Amino acid sequence: MKILPFSFCFTLVSLFLSVQAQDTTYQLPEFNIHANSTYNLQTIQGLRPQNFPSPQSDIGTMLRSMPNSAGIRRGGSAIDPVYRGFRNNQLLITTNTGLTIEGGCPNRMDPTTSHIDAEEVQYLRWETGSNMLLYGQAIGGVLVMEIAEPKQRTQWGFNGKIQSGFESNFNGFSNSISLNGGNKRVFFSLSAGNKSYGNYTDGRDSIIKSSFQKDFVTAKIGVALTAKQQLLFSYTRSESRAVRFPALPMDERFDYTDILNLSYLFYDDFKNEDLRINAYHVRVDHKMDNFDRPQANQIVPPSTGVMRAESVVDAITSGVNVKKRIHFNHFKGFVGGDFHQIEKDGSRTRNMIMNMGGLTTTSTKYDNLWKDAVIRNIGIYGQLSYPFKSIRSLVTATLRFDQHQHFSADTFNLVKNEVNYFVKGTHNNPLFSFGVRYDYKPTQNVLLSMDAVSAKRSPNMNELYIKRMTVGFDNYDYLGNPNLKPESNNQLTFSARLSGKKGILGINVFVSQVNDYIGGVLLPSSVITAATQGSLGVKQYSNLGVAHFYGGELVLNSTPKKGFEFGATAGYTYAVLEKSTRYEIVNNQVVGATSISNDPMAEMPAMSTSAWAIYKISSLNLSPRLSLEYTLPQNAISAANYEEATPDYLLINASVKYSFKKWATVDIGVNNILNQAYYDHLNRRVVSSNPLEKIKLYEPGRVFFVNLKLQF
């Protein structure tokens, strides 16, 4: 059964190779290829959340179904996206309005995707190569979450949708409602929803403490100023409460997010968006603590006391972006600019109660995680495309310039033996990025592309200013470094798209060289000591040198025929760091260091494949679905980081969609039919009282679900 996805892929490849291109009128290429699939594999780098049969509990979970797209699990929700092995701020996560969100948690309990409800998203897509430069600073990819906006109507009217779902393993309920209405002059959209999920059980029948509660409400209104001009305003409030993270030292007590967005749109004579100006303001109020952990309420050996810790963080992101379509002679493209400012302030309080020789002592310590830290960035960009019709080609050039500035009001300074490890100040980084793409369309059914890009990104808040927090996957405290150099990625991508009567085949192959890669370097204990109990020491973010990434993706989508359609995907990235350091540990103490050349990069996703099939029985209004997901073993592991290999696993999922009315459908199914006990290579370890104990965080076992959708 494990080789079925591969057999499926090879069979489909042979079918597509037999497609005969017809000599017809040639047209310049569109770069996003959409299949007619009713499933979730719409393009090689995109998917539609509405096509998922099971309830949409988390955007990060859905992203895992895309080729070469993975996620870091720390609990039952808020899966942190990883794409092609890039993560955190190497990726830019934004919306179609250019909105970005700075999360509150230094341990990324709340990545950007956790602040946007899945029911609000119409389409998810990864932008790579030269197109990344149109959105902001990113070196690995840009995730664009396309959120629905209110639309004009020819006359007054409204429509709506109600969705309700249940997942057995979590005892999880998901409900949402949306209403859209208006006329030519004023139009609106209202939506709200909630999710209540309990702990899940893995394939070993072990209970994983992963419960969470989430609610959201969104109001949007649009006004047609003229026939070509619109003004759109939206407000979203999302709340998360009692979110458990077994793979982190704390849980999320609450996370309150307010998002304001104002957009001005100007359309041309053909109703195409010609100019867009967006302004947004986001505030995240985040609190986390360890009050539900044993070490906060009882003495857990080898500790001699209890420690209650809590952290409160305020994160504010404000920004403006402008995008203008340009067209002169045969040139087409965009010009624009963006500005954003991130303000972050947070502190940690630790109450320690120690019992030594019958004497009980209490002490309280306060730590600044960040102290009024600020990141500002102003960016301008331009993209121009020129067609060479005689050779059926299109050349696109993209340029971007960013002026980055960061500073902090921190009183913390670390200077030892005349070495400045951490000294506050104002730092400015000018960043210049550029890319060139060549598209060649030899026939109507074939599109070949080559994309070269040199992209840069500045360090994030953790890398600049975090102070002695266990924010990595290893057992070290981390210290920021205000003097970090920006990372840069020089990447070359080859792509091929083949379409025919039988379907679509898409292939990407890329190679990247990342300079000044940012990672941790251990500081001597004589310079600084750890603040976290059981930590092996303090690593400071530093530029480690050169890293290399190699990988690609494959997507096959068939054309529906007599109610049957199928598809398959595959994705993999291999990465190495030219120079890394392995710290030798004896009895929980660092006793030495060894240099390693070309060590595989830590926390890299394993190769994943999938295959799916749908058969529509029109006479009964039924659509059975079957999908297989096979993830290979991950044996390319980092010796410097003491990584362990991860075994392969196969998942079988099945569901049936029944449309009992034109306006009512229900999906009933089961995920992980075999109740497979498995864990992903990126899953963080469960935190235990023994820091040397490595407990794997397993994925959910068998899950029965039902998902009801009503439209009116």
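Bear in mind the structure is a predicted one, so any value in this text is a computation, not a measurement.

Conventions adopted
- Residues numbered from 1 in each chain as written.
- Predicted model: local features only at pLDDT ≥ 70, side-chain atom pairs only at ≥ 80, totals over all residues.
- Heavy atoms only, no water.
- Helix = DSSP H or I, 4+ residues; strand = E, 2+ residues; numbered from the N terminus.
- Rg over C-alpha atoms; globule rule 2.2 N^0.38 Å.
- Buried < 20%, exposed > 50% of the residue type's maximum accessible area, 1.4 Å probe, protein only.
- Areas by Shrake-Rupley, 256 points an atom, 1.4 Å probe, with all protein chains shown as cover.
- Lys, Arg positive; Asp, Glu negative; His and termini not counted.
- Charge placed at Lys NZ, Arg CZ, Asp CG, Glu CD.
- Patch = residues over 30% accessible without salt bridge, like charges linked within 9 Å, V, L, I, M, F, W, Y side chains within 5 Å.
- Salt bridge = Lys/Arg side-chain N within 4 Å of Asp/Glu carboxyl O.
- 1 Å grid on protein atoms, 1.4 Å probe; cavity = no way out; pocket = protein on both sides within 12 Å on 5 of 7 lines; lining within 4 Å.
- Points joined across faces, edges and corners; volume = space filled by probe spheres on them.
- Nonpolar A, V, L, I, M, F, W, Y, C, P; charged D, E, K, R; others polar.
- Pairing = 2+ DSSP bridges.
- Polar contact = N/O pair within 3.5 Å; in protein donor to acceptor, adjacent residues only side chain to side chain.
- Contact = heavy atoms within 4.5 Å.
- Phe/Tyr/Trp six-rings, centres within 6.5 Å; stacked < 30°, edge-to-face > 60°.
- Lys NZ or Arg CZ within 6 Å of the ring centre and 35° of its normal.
- Core = buried A, V, L, I, M, F, W, Y, C linked by side-chain atoms within 4.5 Å.
- pLDDT = per-residue confidence, 0-100.

**What to know about the overall build of the protein**
Looking only at helices and strands, the protein features three helices and 35 strands. Computed over its C-alpha atoms, the radius of gyration of the protein comes to 26 Å, within 12% of the 27 Å expected for a compact globule of 712 residues. Principal axes of the C-alpha set define a box for the protein whose edges measure 85 × 55 × 50 Å. The 712 residues of the protein split such that 53% are buried. Counting every atom, the protein has about 30200 Å² of accessible surface; 57% of that belongs to carbon and sulfur. Computed over 71 positive and 59 negative side-chain charges, the inter-centroid distance for the protein is 5 Å.

**Some details on a nonpolar patch on the surface**
Together, Val 186, Ile 221, Val 223, Leu 225, Leu 231, Phe 233, Leu 260 and Leu 262 make up a nonpolar patch on the protein surface, roughly 580 Å² of accessible area in all. Going through the elements one at a time, β12 (212-224), β13 (229-243) and β14 (251-267) are the ones with two or more residues in the nonpolar patch. Checked against the element boundaries, Ile 221 lands in strand β12.

**Points about empty space enclosed by the protein**
One pass over the full model with this rule turns up six cavities of 30 Å³ or more. The computed volume of the second largest cavity comes to approximately 310 Å³. Lining the second largest cavity are 24 residues, and of these Ile 147, Lys 220, Ser 234, Thr 236 and Asn 261 sit closest to its centre. Contributing elements (two or more residues each) for the lining of the second largest cavity: β12, β13 and β14. At five residues, β13 tops the list of elements feeding residues into the lining of the second largest cavity. Here the lining of the second largest cavity is composed, by residue class, of 10 nonpolar, 10 polar and four charged.

**Some details on the sheet that holds strand β1 (residues 46-47)**
Across the sheet, four strands lie side by side as β1-β5-β6-β4; this open sheet has mixed pairing. One side of each edge strand has no neighbouring strand; the edge strands of this open sheet are β1 and β4 (91-95). Relative to strand β5 (residues 121-127), β1 runs antiparallel, the two sharing two bridges. Looking across to β5, one finds that Gly 46 is bridged to Arg 125.

**What about the pattern of salt bridges?**
Under the definition given, this model contains 40 salt bridges. A salt bridge links Arg 253 to Asp 292; the shortest N-O distance between them is 3.4 Å. Of this pair, Arg 253 sits in strand β14 while Asp 292 sits in the loop between β15 (273-289) and β16 (305-328), and the two are 39 residues apart along the sequence. Residue classification places Asp 292 among the partly exposed residues on the basis of a relative accessible area of 40%. Taken together, the shared-partner salt bridges connect Asp 215, Arg 237, Glu 239, Arg 241 and Asp 258 into one network.

**A few points about the side chain of Ser 69**
Structurally, the position occupied by Ser 69 is in strand β2 (residues 69-72). Under the relative-accessibility criterion, Ser 69 is labelled buried at 5%. Only 3.0 Å separates the side chain of Ser 69 from the backbone oxygen of Leu 63, close enough to count as a polar contact. Within the structure, Ser 69 has its side chain in polar contact with the side chain of Trp 126 (distance 3.4 Å). Once you skip the residues sitting within four places of it in the chain, Ser 69 turns out to touch Leu 63, Arg 64, Val 82, Tyr 83 and Trp 126.

**Quick notes on the packing of aromatic side chains**
Overall, the coordinates contain 19 aromatic pairs when judged by the stated rule. Ring pairs connect the aromatic residues Phe 170, Tyr 197, Tyr 200 and Phe 212, which therefore count as one cluster. Taking the ring centre of Phe 510 as reference, the NZ or CZ of Arg 84 above it sits at 4.2 Å. Just above the ring of Phe 212 sits the side chain of Lys 214; from NZ or CZ to the centre is 5.7 Å.

**Side note on the pairing of strand β21 (residues 419-422)**
In terms of strand pairing, strand β20 (residues 414-416) meets β21 through three bridges, oriented antiparallel. Its bridge partner being in β21, Val 415 is matched across the sheet by Asn 420. As consecutive antiparallel partners, β20 and β21 are separated by two residues, and within that stretch Asn 417 has a phi angle of approximately 50 degrees, a positive value.

**Observations regarding the side chain of Arg 73**
Following the sequence through the fold, Arg 73 ends up in the loop between β2 and β3 (80-83). Looking at Arg 73, its side chain comes within polar contact range of the side chain of Glu 699, at 2.9 Å. Apart from the residues lying within four places of it in its own chain, the contact partners of Arg 73 are Arg 64, Ile 79, Tyr 200, Leu 682, Asn 683, Arg 684, Leu 697, Glu 699 and Pro 700.

**Some words on the nonpolar core**
Of all hydrophobic cores here, the largest spans 43 residues; its most connected members are Ile 59, Ile 116, Leu 124, Met 145, Phe 549 and Met 601. Among the elements that take part in this core, strand β6 (residues 141-147) stands out by supplying five residues, more than any other. Apart from residues no more than four positions distant in its own chain, Met 145 is found in contact with Ile 59, Ile 93, Thr 94, Thr 95, Asn 96, Thr 112, Thr 113, Ile 116, Val 121, Tyr 123 and Leu 124. Counting residues in each nonpolar core, the second largest holds 28 residues, with Trp 370, Leu 414, Leu 464 and Leu 479 among its members.

**A few points about the environment of Arg 125**
Along the chain, Arg 125 turns up in strand β5. Polar contacts involving the side chain of Arg 125 include one to the side chain of Glu 127, which spans 2.8 Å.

**Observations regarding the environment of Asn 88**
By the secondary structure assignment, Asn 88 is in the loop between β3 and β4. Residues Asn 88 and Gly 140, 52 residues apart in the sequence, show an inter-C-alpha distance of 9.8 Å. Setting aside anything within four residues of it in sequence, one finds Asn 88 in contact with Asp 80, Arg 108 and Asn 460. Of the polar contacts made by the side chain of Asn 88, one reaches the side chain of Arg 108; its length is 3.1 Å.

**Overview of the confidence of the model for the protein**
Scored by pLDDT, the protein has a mean of 89; 92% of the residues are at 70 or more. Every residue in residues 1-43 is under pLDDT 50, and counting partners more than four places away or in other chains gives 106 contacts.

**With respect to unusual backbone geometry**
Phi is positive for Asn 88, which is not a glycine, with a value near 45 degrees. Using a relative accessible area of 29% as the deciding quantity, one classes Asn 88 as partly exposed. Residue Glu 418 is not a glycine yet carries a positive backbone phi of 65 degrees. Relative to the helices and strands, Glu 418 resides in the loop between β20 and β21.

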